[in-house]
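Here is how the chains run, residue by residue.
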2 protein chains.
Amino acid sequence: MGPTSTQGRFGRARPNLRLPGPVEIPAEVSRAAGRPMINHLGPEFAALLARVTAGLRHVFGTDADVLGFPSSGSGVMEAAIVNCFSPGDRVIAVVNGVFSERWAAMADAFGLRVTRLDVEWGRAVDPDAVARALGQLPDAAGVLVTHNETSTGVTCDLEAIARAARGESDDVLVMVDAISSLGSIDVQMDAWDLDVVLGASQKGLMAPPGLGLAALSERGWEAQRRCIQPRFYWDFARMRDRNATGSTPWTPPTPIYYALEASLELIMAEGLEAIYARHAAVAGSVRSGVEALGLDLYAEPEAASSTVTAVRVPDGVTPADLLDRLHRYEDVVVAGGLGPLSDEVFRIGHLGAVQPRDVRHCLAAIKRQLAGLGLRSRLEAGGALAFANP
Amino acid sequence: MGPTSTQGRFGRARPNLRLPGPVEIPAEVSRAAGRPMINHLGPEFAALLARVTAGLRHVFGTDADVLGFPSSGSGVMEAAIVNCFSPGDRVIAVVNGVFSERWAAMADAFGLRVTRLDVEWGRAVDPDAVARALGQLPDAAGVLVTHNETSTGVTCDLEAIARAARGESDDVLVMVDAISSLGSIDVQMDAWDLDVVLGASQKGLMAPPGLGLAALSERGWEAQRRCIQPRFYWDFARMRDRNATGSTPWTPPTPIYYALEASLELIMAEGLEAIYARHAAVAGSVRSGVEALGLDLYAEPEAASSTVTAVRVPDGVTPADLLDRLHRYEDVVVAGGLGPLSDEVFRIGHLGAVQPRDVRHCLAAIKRQLAGLGLRSRLEAGGALAFANP
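The shown structure was predicted, so the numbers you read here are calculated from the model rather than taken from an experiment. (Residues numbered from 1 in each chain as written. Chains lettered and ligands numbered in written order. Predicted model: local features only at pLDDT ≥ 70, side-chain atom pairs only at ≥ 80, totals over all residues. Heavy atoms only, no water.)

**Quick word on the interface of chain B and chain A**
The interface is formed by 47 residues belonging to chain B together with 47 residues belonging to chain A. Taken together, both faces of the contact between chain B and chain A bury some 3,500 Å²; the carbon and sulfur share is 70%. Of all residues in chain B, the largest losses of buried area upon contact with chain A belong to Met37, Phe232 and Tyr233 of chain B, amounting jointly to 17% of the total for that side. Across the chain B-chain A interface, the total number found is zero salt bridges. Viewed at the interface, chain A and chain B are joined by eight residue pairs in polar contact (both at pLDDT 80 or more). Put simply, the parts of the chain that give the side of chain B that touches chain A at least two residues each are helix H3 (73–84), helix H4 (98–109), helix H9 (254–270) and strand E12 (332–336) of chain B. (Contact = heavy atoms within 4.5 Å. Buried area = accessible area lost by both parts, 1.4 Å probe. Salt bridge = Lys/Arg side-chain N within 4 Å of Asp/Glu carboxyl O. Polar contact = N/O pair within 3.5 Å; in protein donor to acceptor, adjacent residues only side chain to side chain. Helix = DSSP H or I, 4+ residues; strand = E, 2+ residues; numbered from the N terminus.)

Following this line, the structure appears as structure tokens:
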């Protein structure tokens, strides 16, 4: 069912939040998040923690513990480094965007010897290149892989990369930033033999931002025990041991646990396979809609993400102007480009509870506002809006 | 006005949450926290961040930047250590409870030479003892002080301790965990010449848990620039520099900023002096009420906190039983003892939006449930409930 006029300005009660996270929070999840506080050291929280952890295991595709830290996603990216690698350890960092750059910079800050495997931004990551890098660096203790680069809208073939890495080494840790893929794009931690998988609450899990997630394989826990990097707040073992008693070492963001409990119920009801298919279909319709507008996609098609699409800003348009007009006149919120892409792209997020009508509405708004910015003739040359009907 | 029968079981719509944090969130703050997500990299968030920061400056008593990190309070305790002290630096840690113990342990984990100034738990901290310790250790780079020890219900005379420390050294950093005092007990960062002041969202600031706060003096920033401790997520300079552009380096917990904006309005409307007086009066009535029940206070009166009261568990009662009965039969949630005090005390929180009726209701419930646990005669010997009327 499409939006009706009772839903407010432009047919919507709320802005059409087309960010690649934090995502729009479903009404039932938002209601859950507003429940009264409880004693985070009491039995109610212990039961909540157990229910949420069970649901997260399902999304991660693992039997391992899934640990939650009060932090952003970047917090657990740092946690993974300081738990599993000692100063001087060699790691290979696959770098293909702003977030993978950040992770490599973190590893460097903590004294690791970082060998970058640079991949042209917007292009697919070649699993063979990962295998070759590992073959040349047999002392590498880990490979850092960003499953879904939110800055460029590129998803890598994580299963193939993990298989390629494991083919070179039984011991290397395959460490994955799955922050913007978990719950939207298939992640199979156990089946793909991943060692550290990182997530966050505000992407496909549809909860407010503020909880970072981390799961470790047995290989990961062994590395954690050996690691001599100083750590305290981020200590995975401290979190796991307290979780085992039904609580957390640090005051938990209880509203996010409430929210996750509700959103995990939605996820279970729809089913992960159906969710992944919905994301893929919506993403496909975004890409064809963008092209129908005569705009250029940043990522090559075979690497395109199901959660976010980076679109090249047409000549003569300032990204800030476009974002501002979309927000002001259309109640549509898209994201700007990050880092070196800030003048080059804008990004349309399509993850979480996204439906086809959300991206249709967004693309129509983009068409109108680009026209308002003086691009009418080019847009008309691009033809009418066309959408696959997922 | 007291509770009425329309408010639900035992006269209340919600449980009477008498934890020393997270506190019950006022209705208008909870509503604010539920507002839709926005682009955390856009102008709306920049304006929100500016408003919240201005309000926090007022509560901290400072003109300095107040930085917010997605984390619990313990997160910013670690942040303070890794930003301002290098491995091998000497610090004096005043230790008088579970949270000050934790801070000393963190400093130790990051390679500092930690000299403990142990103070008997429950007793006042002597400012002269801090001065003597500093006099004996002229190489000390910092003093770690917990303003309000939530585990024991002890508040130190922070102004006097800071003056004593400064009397010994112009350079020493006076670093203060004010997590459970800010917004409830007077903290004057600039007037008292404090160098690092730490807070969190879920105590006197009456917001959900998940945002740690830190403010630095000029002396603190100088130490931060000199410090060679590895850091990335916690880097104060990275946060300050991004804040200056209206955003944050890590995805912020936007709902907590919404909540803080609303709670800071409540705080401004009541006025900090009135809030501190209300907390002191309510705390006084808790202490006299506890004594009227024939129970023993853990902290000595001159050191007693305005935000939390630790009560010795009477002989023959298991704290878990008492907490469970209070929760189950009275809808009252008090906190257990922490660490070595877990069998010895329970704790009544009285901070945030607390009103005299909340603690009267709590004490009456404790009386009933202790009677139910077979302590009737001793309680009767203790006389009727008596309350100061704040």
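Next, the rest of the story.
**Describing the relation of the copies chain B and chain A**
When chain B is fitted to chain A, the residual RMSD is 0.0 Å, and the transformation amounts to a turn of 180° plus an axial shift of 0.0 Å. Accordingly, the operation relating the two chain copies is best matched by a two-fold axis. For chain B, the minimum C-alpha distance to the rotation axis belongs to serine 71 of chain B and amounts to 2.4 Å. The residues that chain B uses at the interface reappear at the interface of chain A in 100% of cases, marking a shared surface. (Least-squares fit on C-alpha atoms with pLDDT ≥ 70 in both.)

**Let's talk about the environment of glycine 199 of chain B**
Residues and elements named next belong to chain B. Tracing the backbone through its elements, the reader meets glycine 199 in strand E9 (residues 196–200). Residues glycine 199 and alanine 364 lie 165 residues apart in sequence; the distance between their C-alpha atoms is 32 Å. Contacts of glycine 199, omitting those with residues within four sequence positions, involve Phe60, Val76, Ile179, Leu182, Leu211, Gly212 and Leu213.

**Comments concerning the sheet that holds strand E12 (residues 332–336) of chain A**
All names here are of chain A. Overall, mixed pairing links the four strands, which are arranged E1-E12-E13-E11 in an open sheet. If you trace the sheet from one side to the other, it starts and ends with strand E1 (16–18) and strand E11 (308–312), each paired once. Direction aside, the axes of adjacent strands within the sheet are offset by 30° on average. Where E12 lies against strand E13 (residues 345–349), two bridges are found, and the strand directions are antiparallel. Counterpart to glycine 336 in the pairing with E13 is phenylalanine 346. (Pairing = 2+ DSSP bridges. Axes fitted to C-alpha atoms, helices over the stretch in contact; angles between N-to-C directions.)

**Some details on the packing of helix H3 (residues 73–84) of chain A against helix H4 (residues 98–109) of chain A**
A pair of packed helices is captured by two measures, namely the crossing angle of their axes and the spacing between those axes. Residue and element names in this part refer to chain A. Interaxial distance between H3 and H4 falls to 10 Å at its minimum, and their mutual angle equals 40°. In terms of axis orientation, H3 runs oblique to H4. In terms of crossing hand, the pair formed by H3 and H4 is right-handed. Contact residues: H3 offers Ser74, Met77, Glu78, Ala80 and Ile81, while H4 offers Phe99, Arg102, Trp103, Met106 and Ala107. Taken together, the residues that form the contact of H3 with H4 break down as seven nonpolar, one polar and two charged. (Parallel < 35°, antiparallel > 145°, perpendicular 65-115°, else oblique. Left-handed = near helix turned anticlockwise from the far one by under 90°. Nonpolar A, V, L, I, M, F, W, Y, C, P; charged D, E, K, R; others polar.)

**Observations concerning unusual backbone geometry**
Residues and elements named next belong to chain A. Cis rather than trans, the peptide bond between glycine 21 and proline 22 has omega equal to -10°. The residue proline 22 is located in the loop between E1 and helix H1 (27–33) in this model. A positive phi angle, close to 55°, is found at aspartate 331, a residue other than glycine. Its place among the elements puts aspartate 331 in the loop between helix H11 (319–330) and E12. Taking relative accessible area as the criterion, aspartate 331 reaches 13% and is therefore assigned buried. (Buried < 20%, exposed > 50% of the residue type's maximum accessible area, 1.4 Å probe, protein only.)

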